[in-house]
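Close look at the chain arrangement
Listed below, chain by chain, are the residues.
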Amino acid sequence: MSVLQRIKAANKPGPPEHSVLLRVASTGAVAVGVAACAAEGELSLVVAVGSIAALCAGNLFSYRRRSRPLPWLKAVLAVVAVLAFWRFFFAISGVRGVTNLGAVEGPLAVLFTWIQVTHSFDVPSRRDIAFSLAGSVTLMAVAAAQALDMSFGIYVVAWAACALVGLGSMWGSISGAGRPRARTLLAGAATLAVVALVGIVVLPAPSVSSRLVFPSSIGGDVSIASPSALEGTAQGATLPVHAASATGRVDVGGYLGFAGPLDTAVRGTLGNQVVFRVRADRPTFWVAETFDEWDGQSWTEAAPEGKAQWHEISGGSPFELGAESGADGAGTQDIQTFYLVQPGPNLIFHAESTDQVWFPARGIYVDPDGNIRSDTSMGTGSIYTVVSSVVTPTPAELAGAGGHTLDPVNQARFTELPHPYPEVAVLARRITAHATTTEAKVLALEQWLGAHTRYTTDIPPLPKGADTVEEFLFGNRRGYCEQISTSLAVMLRTLGIATREATGYVPGPYNPITDLYEVQAKDAHAWVQVWFPGDGWQNFDPTAYVPLANPSPAVTLGHDALGALHRVPVVPTVVVAAVVAAGLLAWRRRSLAPSTPAGAVSAALERAARRGGLETSAAESLARLAARIDAHAPPTAEEPSAGAIAAAAEESAFGGRELAGALADRLVDDARALVRRVPRRRWTRGRPGAGRAGQPGLDAANPSSNEAPATSRAR
Amino acid sequence: MRPRGGLPRPTKAAGPIAGSVVALVAWAAVAHNSGSGWVQALGGLLAGFVVAGLGGPAFATARLKISVVTNPTETTAGQPVAIVVATNAPLRIEAVVPSGEATTIGAGPGRVPLVPTRRGPLYQVTFKLASAAPFGLLWWHKRVVVALARPLWVAPVPGPPELAVLGDSAAQAALDLHRPRDARVGEPRGVRPYVAGDPRRLVHWPATAHRGELMVREAERPEAAVPELRVILPDDGPDGDAAAGRALGTLLALLAHSSPVMLATTERDGPRTEAVYTKTDAARRLARAVAHPVTHPVVQAERR
């Protein structure tokens with residue numbers, strides 16, 4: 001067989017596929033894929049709606065022409081497909097390199113949608129439908145690459161259901177068994193769920209290849225008035241400043257740690273709203289700021305003597321920082337991509353020791369301590385990627401730390417205290433009396449804090465001028481993370497150990513489906529960074545050792561329930577509810593529908609009677625009802641009378657001559673035509689059906705015959 | 001007899017399995033390096049479809065059950081027959097021994113064609129049952145041996161008549177003598193089935209009513225000779241089938257000139273010598289014939 005013959009054989013149209021369910025399921029799968037792309041911003045709403053409408057029209061056309069395919073149609077569709085490819089290549093011609101997946105995905109979604117819409121006009125056979133079904137996966141994949149939250153699961157479930165029904169129908173069509181059995185579909189669904197779950201559990205978590213161009217974009221780009229200044233968001237220009245106060249607390253972003261000074265005297269109540277999502281190689285503290293200068297109640301950032309606090313790095317994304325980690329060895333590369341869900345300040349969150357920042361700004365500002373700020377504020381939808389070299393020494397390495405030490409200026413800067421703290425120093429020395437290394441001292445102090453203090457945010461603000469550490473350690477020993485971590489930092493400074501206060505977010509809950517850390521507002525945190533010679537700044541979180549103070553179950557449950565309600569995706573939920581409601585209505589309508597031709601005829605005659613204003617009664621026979629209908633609307637010579645239809649139906653129901661196939665269909669069609677034939681009754685005053693004297697139907701309420709009731713028997 | 005089944009085996013599995021593995025590995029690689037959890041989860045779902053589509057038919061095939069509802073009892077070798085089977089699930093079925101065309105039937109009764117190629121009784125059929133449930137992505141099959149509802153007797157294909165027998169002078173004489181016999185002459189002997197040419201008045205109505213077929217009175221003339229065909233099969237293999245075919249061809253040639261013909265065969269219960277009147281009788285007898293200890297095939301005709 002020559003190549004040409006092989007090509008012809010491969011393109012030979014298969015036998016026409018008659019399964020409607022298979023076509024509907026296939027169309028549904030593609031439509032869900034298009035909708036998913038639209039939901040993830042890959043397609044505009046207009047394009048998505050138009051594409052879905054065209055898909056439905058195309059499949060309907062294909063179904064009607066399945067046995068008589070148009071020979072010229074393939075050529076037209078091929079031209080359209082070539083145009084779609086041309087448009088795709090034109091769209092990506094300006095994209096820098098094939099590694100920039102983010103820039104390719106949009107045109108790719110348009111291309112796949114075009115191909116599917118074009119193909120939908122020529123799907124006569126099973127093989128063509130299978131192509132559509134398989135092609136819907138590509139649309140789902142493009143959408144999935146952009147999906148960041150669990151609401152995408154609605155589309156996945158809908159697509160899986162369509163694919164399941166479609167494949168089941170395909171087997172039904174192959175085997176001639178017709179519609180797939182519910183038990184088979186359930187078994188298939190269970191297999192899918194188990195294998196997918198096993199896949200998610202067994203497969204290693206996705207990681208971002210360092211060869212790719214990392215995603216970055218700015219939502220609500222607003223330039224900062226004063227370069228390097230810390231300002232609020234595009235939507236609320238002063239959010240960090242007024243985020244929380246003693247008198248007014250807000251939820252999202254209501255954290256004082258993202259301001260110029262960190263005031264430890266007060267803390268806002270933080271909600272469950274997701275602030276941003278992070279795709280990272282490993283969980284870590286996402287650092288926003290570090291503070292070195294402590295005045296007794298607030299932390300501030302101060303530049304080392306003789307150095308500018310902020311210097312600009314320009315040149316465009318990616319920005320090379322080459323941060324001084326302080327570690328002698330190279331760290332482990334950690335790529336973190338931040339997807340902002342809520343507007344935030346112009347801080348660039350990062351893991352320790354940032355090397356590179358992918359951010360579409362003119363420039364970024366970095367201080368000597370590694371804090372990073374952008375020159376624009378960031379709104380919802382902002383995306384940036386940070387590449388860090390994280391040094392994570394083992395406890396043994398920390399215990400034997402030695403090597404690169406801080407210079408005297410910085411040593412003095414990170415051990416400086418506003419006053420001697422004699423009582424704190426005595427306490428710290430007593431706690432660390434048996435500790436010989438820096439790590440042992442830090443751990444001893446953390447354990448003491450865990451044993452002797454309690455965590456709570458439900459405390460009044462400290463009075464002005466009060467020292468946070470003394471109030472916390474020698475007062476009621478109840479406080480929040482800023483007070484606990486500050487106490488540790490001050491105790492360590494009294495021992496001559498270089499420390500600084502850090503604020504940012506803890507990793508937050510990890511979502512194994514999206515492979516993202518979902519950082520919520522309440523994950524805002526403060527902790528301590530301790531300098532270890534040779535290992536650099538290392539994070540210590542004393543709050544993790546501190547138990548909660550008197551948790552309230554009712555408040556906790558209520559808070560959680562409210563948070564869960566907030567997280568429910570509204571649009572997908574409404575769509576699913578509508579689909580379920582429509583399905584239930586259809587099922588109910590189908591279950592109430594007459595199951596036999598005689599029942600259908602009986603129902604039609606009753607509708608005809610009601611249409612003509614004739615009263616019906618359960619005690620009246622079908623024949624008598626038909627006689628009244630004939631009297632009300634006499635049949636023409638060409639039309640079967642209601643009496644004849646009723647007689648056939650009664651013969652079928654009670655005479656042992658059950659109608660089947662075309663005869664039954666014709667009888668039911670005649671009965672339904674009869675309904676349309678009966679003229680509508682003109683409603684007059686008085687009760688329905690109570691016509692004038694002599695009008696047919698007046699005696700309907702008193703059927704005198706003992707024939708079979710119309711409604712109860714024929715059904 | 002309960003159907004004896006083998007283990008399910010995939011049919012032409014290399015292509016679908018290799019294709020699926022390559023696709024899933026490629027998907028996993030892209031998903032892993034894209035860093036997108038949803039792409040990976042979608043890949044897990046696809047893996048579910050692949051596992052259910054490629055492995056599910058193994059379970060479906062293992063659970064397939066089949067029995068023969070009814071089958072014809074007689075046929076001729078090489079002629080297609082259809083037997084009615086009942087299955088518990090939709091499947092593709094193909095008779096393997098004896099062979100037949102593959103056909104797809106749903107759950108419940110269905111007709112399966114098969115073509116017996118060997119003469120003799122057929123008590124069981126080997127089927128290849130295949131299923132691609134639940135998705136139709138890959139076929140798995142197994143072989144089962146199913147007992148027929150009734151034995152199917154397969155007559156030989158009529159072969160060329162033994163010219164030597166037909167050309168034998170004695171036999172030719174017998175043929176000449178045994179044109180449709182004139183039963184009016186001779187001593188009454190009994191009744192026999194009607195054959196074309198018998199006078200209408202010879203119909204024996206009581207015997208006809210008793211037998212359910214038209215019977216005529218038969219007279220016996222001393223000089224009347226009935227040709228006797230003795231069939232000795234060399235074996236029950238292909239040589240025996242060929243010999244039986246030639247015997248049938250010869251018998252039909254004899255019957256065309258004279259009826260009845262005495263046919264001597266060996267059946268399972270022993271030797272049997274009995275007159276055959278029609279082609280059907282002849283085919284039935286030769287379907288039941290088995291080999292005689294004599295090893296060389298002999299077809300003899302002699303005057304009786």
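Residues numbered from 1 in each chain as written. Chains lettered and ligands numbered in written order. Predicted model: local features only at pLDDT ≥ 70, side-chain atom pairs only at ≥ 80, totals over all residues. Heavy atoms only, no water.

On to the overall build of chain A, then. Looking only at helices and strands, chain A features 22 helices and 21 strands. Out of the 715 residues belonging to chain A, those deemed buried represent 48%. Taking the contacts inside chain A whose residues are at least 6 apart along the sequence as the reference set, 76% of them involve residues at least 24 apart. Carbon and sulfur atoms make up 61% of the accessible area of chain A, which totals about 33,800 Å². (Helix = DSSP H or I, 4+ residues; strand = E, 2+ residues; numbered from the N terminus. Buried < 20%, exposed > 50% of the residue type's maximum accessible area, 1.4 Å probe, protein only. Contact = heavy atoms within 4.5 Å. Areas by Shrake-Rupley, 256 points an atom, 1.4 Å probe, with all protein chains shown as cover.)

Our next topic: the overall build of chain B. When helices and strands are tallied, chain B shows seven helices and 16 strands. For chain B, the residues scored as buried account for 48% of the 304 residues in total. Pairs at least 24 residues apart make up 65% of the contacts formed inside chain B by residues separated by at least 6 positions. Accessible surface, chain B as shown: approximately 14,600 Å² in total, 57% of it carbon and sulfur.

Right, let's get into the confidence of the model for chain B. Residues and elements named next belong to chain B. A residue-level look at chain B finds 84% of positions with pLDDT of 70 or above and a mean pLDDT of 83. In the predicted structure, residues 173–180 sits below a pLDDT of 50 and forms 17 contacts with residues beyond four places in sequence or in another chain. Note that pLDDT drops below 50 for residues 294–298; the model gives that stretch 12 contacts with residues more than four away or on any other chain. Listed scores for the predicted complex are pTM 0.67 and ipTM 0.72. (pLDDT = per-residue confidence, 0-100.)

A few words on the interface of chain A and chain B. Contacts between the two partners involve 40 residues from chain A, matched on the other side by 33 residues from chain B. Roughly 3,100 Å² is buried in total at the junction of chain A and chain B, and carbon and sulfur atoms are behind 77% of that figure. Of all residues in chain A, Leu167, Trp171 and Leu192 of chain A bury the most surface against chain B, accounting for 20% of the area lost on that side. On inspection of chain A and its partner chain B, the count reaches zero salt bridges. Counting across the interface, chain A meets chain B through three residue pairs in polar contact (both at pLDDT 80 or more). Those elements giving two or more residues to the side of chain A that touches chain B turn out to be α6 (126–146), α7 (152–175) and α8 (182–202) of chain A. The biggest single contributor to the side of chain A that touches chain B is α7 of chain A, with 13 residues. When the residues that make up the side of chain A that touches chain B are grouped by side-chain class, the tally is 29 nonpolar, eight polar and three charged. (Buried area = accessible area lost by both parts, 1.4 Å probe. Salt bridge = Lys/Arg side-chain N within 4 Å of Asp/Glu carboxyl O. Polar contact = N/O pair within 3.5 Å; in protein donor to acceptor, adjacent residues only side chain to side chain. Nonpolar A, V, L, I, M, F, W, Y, C, P; charged D, E, K, R; others polar.)

For the rest of this paragraph, the subject is the pairing of strand β15 (residues 270–276) of chain B. With seven bridges connecting them, strand β14 (residues 261–267) of chain B and β15 of chain B associate as antiparallel partners. Pairing of Thr265 of chain B across the sheet is with Arg272 of chain B, part of β15 of chain B. (Pairing = 2+ DSSP bridges.)

All names here are of chain B. Spatially, the three strands line up as an open sheet ordered β3-β5-β8, and their pairing is antiparallel. Because the sheet does not close on itself, it has two edges, and the strands there are β3 (66–70) and β8 (108–114). The average angle at which neighbouring strand axes cross in this sheet is 40 degrees, direction not considered. Looking at chain direction, strand β5 (residues 81–87) and β8 are connected through seven bridges and run antiparallel. In the sheet register, Thr87 faces β8, and the bridge partner there is Gly108. (Axes fitted to C-alpha atoms, helices over the stretch in contact; angles between N-to-C directions.)

Here we come to the packing of helix α12 (residues 422–431) of chain A against helix α15 (residues 481–494) of chain A. Packed helices, taken two at a time, are described by the angle their axes make and the gap between the axes. Residue and element names in this part refer to chain A. Axis separation between α12 and α15 bottoms out at 9 Å; the angle between their running directions is 85 degrees. In terms of axis orientation, α12 runs roughly perpendicular to α15. Between α12, through Val424, Ala425, Leu427, Ala428 and Ile431, and α15, the contact on the second element is made entirely by Val490, Met491 and Thr494. Of the residues assigned to the contact of α12 with α15, the class counts are seven nonpolar, one polar and no charged. (Parallel < 35°, antiparallel > 145°, perpendicular 65-115°, else oblique.)

Attention now goes to the packing of helix α1 (residues 14–34) of chain B against helix α2 (residues 37–62) of chain B. All names here are of chain B. Close contact between α1 and α2 brings their axes to 9 Å; oriented N to C, the two are set at 170 degrees. What the angle tells us is that α1 and α2 run roughly antiparallel. Once α1 is placed against α2, the crossing between them reads as left-handed. Every residue of α2 that contacts α1 at Pro16, Ile17, Ser20, Leu24, Trp27, Ala31, His32 and Ser34 is listed here: Val39, Gln40, Leu42, Gly43, Leu46, Ala47, Val50 and Leu54. (Left-handed = near helix turned anticlockwise from the far one by under 90°.)

Here we come to the packing of aromatic side chains. All names here are of chain A. Under the criterion given, the structure shown has 22 aromatic pairs over all chains. Ring centres of Phe61 and Phe121 lie 6.2 Å apart, and the angle between their planes is 50 degrees; on these two criteria the pair is classed as tilted. You can see Phe61 sitting in helix α3 (residues 45–64) and its partner Phe121 sitting in the loop between α5 (101–120) and α6, a full 60 residues away along the chain. Judged by centre distance (5.9 Å) and plane angle (80 degrees), the rings of Phe359 and Tyr384 are edge-to-face. (Phe/Tyr/Trp six-rings, centres within 6.5 Å; stacked < 30°, edge-to-face > 60°.)

Okay, the pattern of salt bridges next. Counted by the stated rule, this structure contains 23 salt bridges over all chains. Across the pair Asp149 of chain A and Arg277 of chain A runs a salt bridge whose closest N-O atoms are separated by 4.0 Å. With Asp149 of chain A in the loop between α6 and α7 and Arg277 of chain A in strand β3 (residues 274–280), this pair connects stretches of sequence that are 128 residues apart. Here Arg230 of chain B makes a salt bridge to Glu228 of chain B, at a shortest N to O gap of 3.4 Å. For Arg230 of chain B, a relative accessible area of 34% gives the class partly exposed.

On to the sheet that holds strand β8 (residues 319–320) of chain A. Residue and element names in this part refer to chain A. If you trace the seven strands from one edge of the open sheet to the other, you get β8-β10-β14-β9-β3-β19-β18, paired in antiparallel fashion. The outermost strands of the open sheet, each flanked by one partner alone, are β8 and β18 (510–511). When β3 meets strand β19 (residues 516–520), the two strands line up antiparallel, connected through four bridges. The partner of Arg277 across the bridge, within β19, is Glu518.

This part covers a nonpolar patch on the surface. On the surface, Val194, Leu197, Val198, Val201 and Val202 of chain A cluster together into a nonpolar patch covering about 500 Å² of accessible area. Within the secondary structure, Leu197 of chain A is located in helix α8. (Patch = residues over 30% accessible without salt bridge, like charges linked within 9 Å, V, L, I, M, F, W, Y side chains within 5 Å.)

If you look at the biggest cluster of nonpolar residues, it comprises 66 residues, and the most contacted ones within it are Phe276 and Trp286 of chain A. For this core, the leading source of residues is α15 of chain A, giving seven residues. In terms of nonpolar packing, the next biggest core, distinct from the first, is built from 50 residues, Ala36 and Ala141 of chain A together with Leu42 and Phe49 of chain B among them. (Core = buried A, V, L, I, M, F, W, Y, C linked by side-chain atoms within 4.5 Å.)

Mapped onto the fold, Ile92 of chain A is located in helix α4 (residues 73–92). Excluding its chain neighbours within four sequence positions, the residues that come into contact with Ile92 of chain A are Val104 and Pro107 of chain A.

Before going further, it helps to spend a moment on helix α18 (residues 597–611) of chain A. Residues and elements named next belong to chain A. The first and last C-alpha atoms of α18 sit 21 Å apart over 15 residues, in line with the 21 Å expected at 1.5 Å per residue. Most of α18 sits out of view: 12 of its 15 residues are buried. When we look at burial in α18, the residues that qualify are Pro597, Ala598, Gly599, Ala600, Val601, Ser602, Ala603, Ala604, Leu605, Glu606, Ala608 and Ala609. Positive phi shows up at Gly613, right after α18, with a value of about 80 degrees. (Expected span 1.5 Å × (residues − 1).)

With an omega dihedral of -10 degrees, the bond running from Val97 of chain B to Pro98 of chain B counts as a cis peptide bond. Position of Pro98 of chain B relative to the elements: it lies in the loop between β6 (91–97) and β7 (103–105). A cis amide bond, omega 10 degrees, links Ala133 of chain B with the succeeding residue Pro134 of chain B. Mapping Pro134 of chain B onto the fold places it in the loop between β9 (120–131) and β10 (140–155). Look at Arg477 of chain A: it is not a glycine, yet its phi comes out positive at around 55 degrees. Tracing the chain through its elements places Arg477 of chain A in the loop between α14 (468–474) and β16 (478–479).

Turning to the environment of Ala143 of chain A, a few remarks are in order. All names here are of chain A. Take Ala143: it is sitting in helix α6. Residues Ala143 and Ala35 lie 108 residues apart in sequence; the distance between their C-alpha atoms is 9.0 Å. With near-sequence residues (within four places) excluded, Ala143 lies in contact with Ala36, Cys37, Glu40 and Phe152.

Attention shifts here to the side chain of Ser51 of chain A. Residues and elements named next belong to chain A. Relative to the helices and strands, Ser51 is located in helix α3. Ser51 gets classed as buried once you look at its relative accessible area, which sits at 9%. In terms of polar contacts, Ser51 uses its side chain to reach the backbone carbonyl oxygen of Val47, at 2.6 Å. Not counting residues up to four positions away in its chain, the partners in contact with Ser51 are Val34, Thr113 and Val117.

As a further point, take a positive patch on the surface. A cluster of basic residues, Arg181 and Arg183 of chain A together with Arg63 and Lys65 of chain B, forms a positive patch on the protein surface. Mapped onto the elements, Arg63 of chain B comes out in the loop between α2 and β3. (Lys, Arg positive; Asp, Glu negative; His and termini not counted. Charge placed at Lys NZ, Arg CZ, Asp CG, Glu CD.)

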